[in-house]
There are 2 protein chains.
Amino acid sequence: MPQDAYTPYVFPDLTHLFAPRSIAVVGASEKPHSIGNHAMRNIVEHSGFKGDVHPVNPKQATVMGLPCVPDVTALPGPVDVVMVVIPAPGVVAAVEQAGEKGCGFAVILTSGFSEADDWGRAEEAKLVEISKRTGIRIYGPNCPGLVNLNLPLGMTFSPAFKDDIAPGPIGLATQGGGLGRNMIQHNERGAQFGLWSSSGNECDLQVADFIHHMAQDPEIKVIGCLVEGFKDGARFAAACAEAARRGKPVVGLKVGRSEYGARAAASHTASITGSAEVNSTVFRQLGVVEVDDLDELVDVAMLFCRRMPTGDEKIAVFASSGGAASLCADNVGMAGLTLAEFAPETAERLAAALPAYANMSNPIDTTSISISHPDAYREAMAACAADPNVGLVLAPLPMDYGEYSVVNARALEAVQAGAGVPIVPIWMSERQGGGYRELARAGLVPFRSLRNMRKALRRWVDHGVWRQGRDAGWTPAVVTAGSPGAAGPTRTLSEVEGKRALAAAGVPATAPELATDAAQAAAIAERMGGRLAFKIVSPDITHKSDIGGVKLNVTPETAAAAHDEIMANAAKARPDADLTGVLIEPMAPEGGIEAFVGLSRDPVFGQVMTFGLGGIYVEMFADVTRAMLPVTRDKAGEMIGTLKSARLLTGYRGQAERDTAALADLIARVSDFALATPGLVEMDINPVWVGRAGAGVMALDAVIVVEA
Amino acid sequence: MPQDAYTPYVFPDLTHLFAPRSIAVVGASEKPHSIGNHAMRNIVEHSGFKGDVHPVNPKQATVMGLPCVPDVTALPGPVDVVMVVIPAPGVVAAVEQAGEKGCGFAVILTSGFSEADDWGRAEEAKLVEISKRTGIRIYGPNCPGLVNLNLPLGMTFSPAFKDDIAPGPIGLATQGGGLGRNMIQHNERGAQFGLWSSSGNECDLQVADFIHHMAQDPEIKVIGCLVEGFKDGARFAAACAEAARRGKPVVGLKVGRSEYGARAAASHTASITGSAEVNSTVFRQLGVVEVDDLDELVDVAMLFCRRMPTGDEKIAVFASSGGAASLCADNVGMAGLTLAEFAPETAERLAAALPAYANMSNPIDTTSISISHPDAYREAMAACAADPNVGLVLAPLPMDYGEYSVVNARALEAVQAGAGVPIVPIWMSERQGGGYRELARAGLVPFRSLRNMRKALRRWVDHGVWRQGRDAGWTPAVVTAGSPGAAGPTRTLSEVEGKRALAAAGVPATAPELATDAAQAAAIAERMGGRLAFKIVSPDITHKSDIGGVKLNVTPETAAAAHDEIMANAAKARPDADLTGVLIEPMAPEGGIEAFVGLSRDPVFGQVMTFGLGGIYVEMFADVTRAMLPVTRDKAGEMIGTLKSARLLTGYRGQAERDTAALADLIARVSDFALATPGLVEMDINPVWVGRAGAGVMALDAVIVVEA
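Computed from a predicted structure; not experimentally measured.

(A) Structural view of the packing of aromatic side chains. In the structure shown here, the tally under the stated rule is 21 aromatic pairs over all chains. Both rings, one in Phe318(B) and one in Tyr377(B), keep their centres 5.3 Å apart while their planes meet at 65 degrees; by these two values the pair is edge-to-face. A residue pair is termed long-range when its members are at least 10 positions apart, and Phe318(B) in strand E15 (residues 315–319) and Tyr377(B) in helix H14 (residues 374–386) qualify at 59 residues. The burial state of Phe318(B) is the same as that of Tyr377(B); both residues are buried. The cationic tip of Arg235(A) hangs over the ring face of Phe11(A); the distance from NZ or CZ to the ring centre is 5.1 Å.

In structure tokens, the structure reads:
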């Protein structure tokens, strides 16, 4: 059955995981540098946690002045979070006690489970069973913990936690810890992460659950996620759809864009990495902004925090170096974005503020007055930011000029305080001087290179376009059941069966018939009329033409002879073959362009459609487009339009316009057919004949594979 | 005349510009914060300059304890460098005096010349005239000065000079100052610039001259250049060819890849930015490694300093975080590079050093033993670096872990000391902690992101391939004389003239003949025989088919009638047109694939060839390839092979293989023709018919434009 992407998912309420009222720490310790000591110190000393903390340790009476209980059963009552930092052999028992006591969540930092060996996999399976039986939800195992910087509360053993505490509107969901902490350390330049989940092996709770929680959290405006592998693609899609409904952009980095990465990530996280192309398709359709590196994730997320884009922002460049102005403008152009034209009043204000030798059109080069006349620099910047045509001001700063840079940074901060549009500095120097720190402190989050600015700005504007244009009613149907890896035996429909199934679904297809003797062939030919194609049908013969098993342009008059000739050729060439008969169908109309529509099951995201014009365009130029289902007629029209070769359909070099309306209709019907055929494993309609406008389309060949 | 790219250039000897024996400072001053004071302090206080320094100032008796002379004529004798920091109105007189006194170089920092206004342009023209007349060579004007960090000597007014002094093997040639200083400030992470020229308006000496000088300087191993616009493309090509001959890679960043950048750079530097596509073609052919941003220039240059690539390096990834290992391996794969397979002895050493739960295959994940057992971390790293299959070790460090990071950084340094391959850390955190500073100090020049590593590593390996494969004898022929901007009136050859010219140059082309009456048409047709194409010839008629001016498949029998019909149709459709006659040529053979060969004059780099298969492949997929001349047969074969659509020529889907040998020959002959035709402005052979292997090729149409 087609499955709605999010309505079937009841996402867990994680309120008291991220903001517990009480915490027990199993393995709490006084021993310096131990994991249990770090974990306790982070909660008791470095967090602003006001709830109850219960150290659990049979060998100590107190930890950090708090009374210990020997095990979880001895807790005065159920707690919201049981944090587990003891060695792996004791974890299952502690979690079982916690589940039976009615505790809400187990946060298991301990390693040595499914990522390690068979014993660990068996132990992890027990954790899953306990969760299902008792209702306790499990975070981890094999993870660095969970951090709520908006409280703040650090349920983590990381000695770096205390250095990273700053509240903020970005929620971050990762799997491993190292890459997540990298992003948290971007607070050096003013990035503002408020929540960070890092859920390790994800035996129960997973990235999707945290995205869904962050979508509800009123303090979170933007969600970042770093995914090494997916446990459940449909759940991920549903969570992202929920974030989109709440107007919160999700920025995603997915490991596994190359074979090396996919292999390494699969062994690291024991989850499925899936196909990079399909992943990008899914991200694009869900409005998840895909990035290529960690710093780029932070760049884009912070830009969203500063302002939600409309998609038609024009850019101003404000520099004090001619080279920086040129190179920055170059990057705006390379991104395909538009430089703003200043209104007359802006030009007047700039002329009043700047010397005659400055460049007052966009990109602005104030020349060295940033050093000699900082007030004029500030006034010119204010004029630029106040221009009605400007949607964002870029301020490239190529070098650290010591105290002068500090003064300029303060000018940017002052102008931003009175400006309606974001003023975005690009601190291009490797030297992080006082000016840089000033910009970070002021929340202007300097970009670190023009390249990164270019990439982030393009993504920011594109997301504005996506928000404007998105179909809020569209819901992805992620059908993952019976994905290729999990599927049992399959069966390929015969051409007659396949085309009948398509025709029944309203997909225009030739209607072949099977003749088992010459008389039947003649009768079928008489009924069909016109020029016909005859093909041998045999489960044992693939390359039909090679053995004389195909005849074209057969007429009713020559039908019987054609049948006998084909059967004779086949019997001669392959004496042992089982010959079913001869397939008869009308010849394809002359002319027309060939397209193809394919459907396959991605192991993560289920049914994905591929469309293209086939042949050279696909094989040499990879000119295909993909989509999750359902594909409506409108969506199909968009897919056709995204092909580089789309012009071939719309009258290239004076050729006839093709029937793109009928083609879009066919694509949409194939989508409906796929959704209505849950056992569908794979399908390839190739070629689809595309006639002139009004002449329709026709599936000429179709291979359909279903679960047996 | 075709011009050899470098032999005609006598590059100036800049030895005593970069390392003068004596310097006069015109405008030297005691006044604090003045340009003249900064300039003097940089030479006298912050440099290690041992030669004579002569302050020139009519109003002071001494500056910084050195006796002043009132003007240049009063110097005791000619000096190597006259540095000019006085206001623009006095500059020409001072330089004239310096030239007449026999001084070697004028370094003019003063602004207000061609970049400013008409007066400035006129003054700059006088500087050029003085240089030509007296032999003094001019650096600037409108520049921040010249820096030799290997002495050190700073002939600059920059107050930042004193912070940036560190010797190194990279020479850097820029035009503006801001972007250049950005790169110098990468010494924060251990980048090693030894020379930096920043030559402003370049009224005389230009980037090419500095590249040529750096190619000679034995202390320089790698050359970086940042070009906003070119003064002389041929000179640049010659300088880069010289660097290649001396085995020194040139890494280049060119502003002007978008219209915005090109316009801004042109107004900033008053030079020509040229076409981005042609620029990239030229860079590629000269072995100049093109980069996209400032940090990337430093990244690649430093990698070259660490080791020259062979082009077949295999990579090892050594991490202490599973996520970092995966993402780093992912980037190696995305770059199309290869992970090394470890030799058995390496596997044994790793197994002995690392715990069983570490990942010991490539990418290595040591897990947290980097913190708990730093000696084991170091031993494992040493094993990895000693593996015979490893050409380079990547060590991604996702976060700053305080003192632990310092310990790991020292381990990297220690292993590098005994390793034959580069160990390359990637400090991914925004937080530049002690570990980062340790890596920078040790000369390991940490990359700042996996993305930048990926890009640099790919360029590094590619340059190794280029070095192995380059044809050291090939010399670009940069014909810039009479470029479109400078050209006078032009003339388009008639089809008969054009094809005769091609045929004379050995380019297979149809040989059309002109008939001016029916009898002549019949006679020509009789002589040619076979099926013929007839076309009206008139300077006034472009769309010949539309007016019935073309007839195909004409035979000798129907020739006279066809002639008359065409003439009548033309006379009827265009009564005022001047009708020259009817062009007669054999029909193109049936079948075959169409290609095109074009030649145009780039304003910077002169004649550039464009080749492709035409039609859809060019218009929808931009599937073309470009080359500077001369294009040999071998080079032409490579050009054909770089097309994405090349498979169409080599037997795509069972079709016939095409005559690529004849096609390569045609391309090479067109190159020879162009070089032998100095007045050639533009040429478009389209289509070229390409027959089956052995059946040859044929230019079916050709438009050739020459200077009138």
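(B) Molecular detail of helix H20 (residues 559–573) of chain A. All names here are of chain A. The terminal C-alpha atoms of H20, which comprises 15 residues, lie 21 Å apart, in line with the 21 Å expected from a rise of 1.5 Å per residue. Looking only at H20, the buried set comprises Ala559, Ala562, His563, Ile566, Met567 and Ala570. Each buried residue of H20 lies within a common arc of 125 degrees when the element is viewed along its axis, so the set occupies one face. Away from its buried face, by an angle of more than 90 degrees, H20 presents the exposed residues Ala561 and Lys572. For H20, the elements touching its buried residues are strand E20 (513–515), helix H19 (518–528), strand E21 (532–537), strand E22 (550–554) and strand E23 (581–586).

(C) Geometry of the relation of the copies chain B and chain A. Expressed as a screw transformation, the operator carrying chain B onto chain A has a rotation angle of 180 degrees and an axial translation of 0.0 Å, and the superposed copies differ by an RMSD of 0.1 Å. The operation mapping one copy onto its partner corresponds to a two-fold rotation axis. Scanning chain B for the C-alpha nearest the rotation axis identifies Phe621(B), at a separation of 3.7 Å.

(D) Highlighting unusual backbone geometry. Following Asn686(A), the chain continues into Pro687(A) via a peptide bond in cis, with omega recorded as 5 degrees. Topologically, Pro687(A) is positioned in strand E27 (residues 680–690). Here the amide bond leading from Asn362(B) into Pro363(B) is cis, since omega sits at 5 degrees, within 30 degrees of zero. Relative to the elements of secondary structure, Pro363(B) occurs in the loop between helix H12 (344–353) and strand E16 (364–365). The phi dihedral of Thr367(B) falls on the positive side, at around 60 degrees, and the residue is not glycine. Secondary-structure assignment places Thr367(B) in the loop between E16 and helix H13 (369–372). Given the relative accessible area of 15%, Thr367(B) is considered buried. With a phi angle near 55 degrees, Asn553(B) is a residue other than glycine that sits in the positive phi range.

(E) Inspection of the pairing of strand E5 (residues 81–84) of chain B at higher detail. Residues and elements named next belong to chain B. Burial of E5 is two-sided: the residues Val81 and Met83 facing one way and the residues Val82 and Val84 facing the other way are all buried. Note: strand E1 (residues 22–26) against E5, 4 bridges, orientation parallel. If you follow isoleucine 23 over to E5, its bridge partner there is valine 81. With helix H3 (residues 91–101) bridging E5 and the parallel strand E6 (residues 105–108), this β-α-β connection has right-handed handedness.

(F) Region of the structure containing the pairing of strand E2 (residues 52–56) of chain B. Residue and element names in this part refer to chain B. Among the 5 residues in E2, 4 count as buried, and that is most of the element. Where E1 and E2 come together, 5 bridges link them in parallel fashion. In the strand pairing of E2, isoleucine 23 is matched with valine 53. Crossover E1 to E2 through helix H2 (residues 35–44) is right-handed.

(G) Quick look at helix H4 (residues 118–134) of chain B. All names here are of chain B. Here H4 contains 17 residues, and its C-alpha end-to-end distance of 24 Å stays within 8% of the 24 Å for a straight helix at 1.5 Å per residue. For H4, the complete set of buried residues consists of Gly120, Glu123, Glu124, Leu127, Ile130 and Ser131. Buried residues along H4 cover an arc of 110 degrees about the axis, so they all sit on one side. In H4, the exposed positions that point more than 90 degrees away from the buried face belong to Asp118 and Lys132. Packing partners of the buried residues in H4 comprise H3, E6 and strand E7 (137–139).

(H) Just the pattern of salt bridges, in detail. Within the structure shown, the criterion is met by 82 salt bridges over all chains. In this structure, the salt-bridge partner of Asp292(A) is Arg257(A), at a minimum N-O distance of 3.4 Å. Of this pair, Asp292(A) sits in the loop between strand E14 (288–290) and helix H10 (294–306) while Arg257(A) sits in the loop between strand E13 (250–254) and helix H8 (259–269), and the two are 35 residues apart along the sequence. For Arg257(A), a relative accessible area of 18% gives the class buried. Between Asp330(A) and Arg257(B) there is a salt bridge, with the nearest N and O atoms lying 3.8 Å from each other.

(I) Representation of the sheet that holds strand E5 (residues 81–84) of chain A in the model. Residues and elements named next belong to chain A. With parallel pairing, 5 strands are arranged side by side in an open sheet as E2-E1-E5-E6-E7. Unpaired on one side and paired on the other, strand E2 (52–56) and strand E7 (137–139) mark the two borders of the sheet. Within the sheet, the average angular offset between the axes of one strand and its neighbour, ignoring direction, is 20 degrees.

(J) Here's a closer look at the environment of Ser271(A). Residue and element names in this part refer to chain A. With respect to the helices, strands and loops of the structure, serine 271 is situated in the loop between H8 and helix H9 (276–286). Note: C-alpha distance between serine 271 and lysine 231 (40 residues apart in sequence) is 5.8 Å. Setting aside residues up to four positions removed in sequence, serine 271 forms contacts with Gln175, Gly229, Phe230, Lys231 and Ala266.

(K) Focus on the sheet that holds strand E18 (residues 423–427) of chain A. Residues and elements named next belong to chain A. Overall, parallel pairing links the 4 strands, which are arranged E16-E15-E17-E18 in an open sheet. The open sheet terminates on both sides in strands that have one partner only, identified here as strand E16 (364–365) and E18. Contacts from helix H17 (residues 450–469) reach strand E15 (315–319), strand E17 (392–397) and E18 within the one sheet, and its direction differs from that of E17 by about 170 degrees.

(L) Quick peek at the interface of chain B and chain A. Counting from both sides, the interface comprises 77 residues of chain B and, opposite them, 77 residues of chain A. Here chain B packs against chain A, burying approximately 6300 Å² in sum over the two surfaces, 55% of which is carbon and sulfur. The three residues of chain B that bury the most area against chain A are Tyr260(B), Glu430(B) and Arg431(B), which together make up 13% of that side's buried surface. Linking chain B with chain A are 14 salt bridges, by the criterion used here.

(M) Inspection of the environment of Leu643(A) at higher detail. Residues and elements named next belong to chain A. The topology assignment puts leucine 643 in the loop between helix H22 (633–642) and helix H23 (660–675). Taking relative accessible area as the criterion, leucine 643 reaches 4% and is therefore assigned buried. Taking the C-alpha atoms as reference points, leucine 643 and asparagine 42, 601 residues apart in sequence, are found 53 Å from one another. Once residues within four sequence positions are removed from consideration, leucine 643 is found in contact with Phe611, Gly612, Leu613, Asp623, Val624 and Thr625.

Thresholds applied
Residues numbered from 1 in each chain as written. Chains lettered and ligands numbered in written order. Predicted model: local features only at pLDDT ≥ 70, side-chain atom pairs only at ≥ 80, totals over all residues. Heavy atoms only, no water. Phe/Tyr/Trp six-rings, centres within 6.5 Å; stacked < 30°, edge-to-face > 60°. Helix = DSSP H or I, 4+ residues; strand = E, 2+ residues; numbered from the N terminus. Buried < 20%, exposed > 50% of the residue type's maximum accessible area, 1.4 Å probe, protein only. Lys NZ or Arg CZ within 6 Å of the ring centre and 35° of its normal. Expected span 1.5 Å × (residues − 1). Arc of directions from axis to C-beta. Contact = heavy atoms within 4.5 Å. Least-squares fit on C-alpha atoms with pLDDT ≥ 70 in both. Pairing = 2+ DSSP bridges. Right-handed = clockwise from strand over helix to strand, strands pointing away. Salt bridge = Lys/Arg side-chain N within 4 Å of Asp/Glu carboxyl O. Axes fitted to C-alpha atoms, helices over the stretch in contact; angles between N-to-C directions. Buried area = accessible area lost by both parts, 1.4 Å probe.

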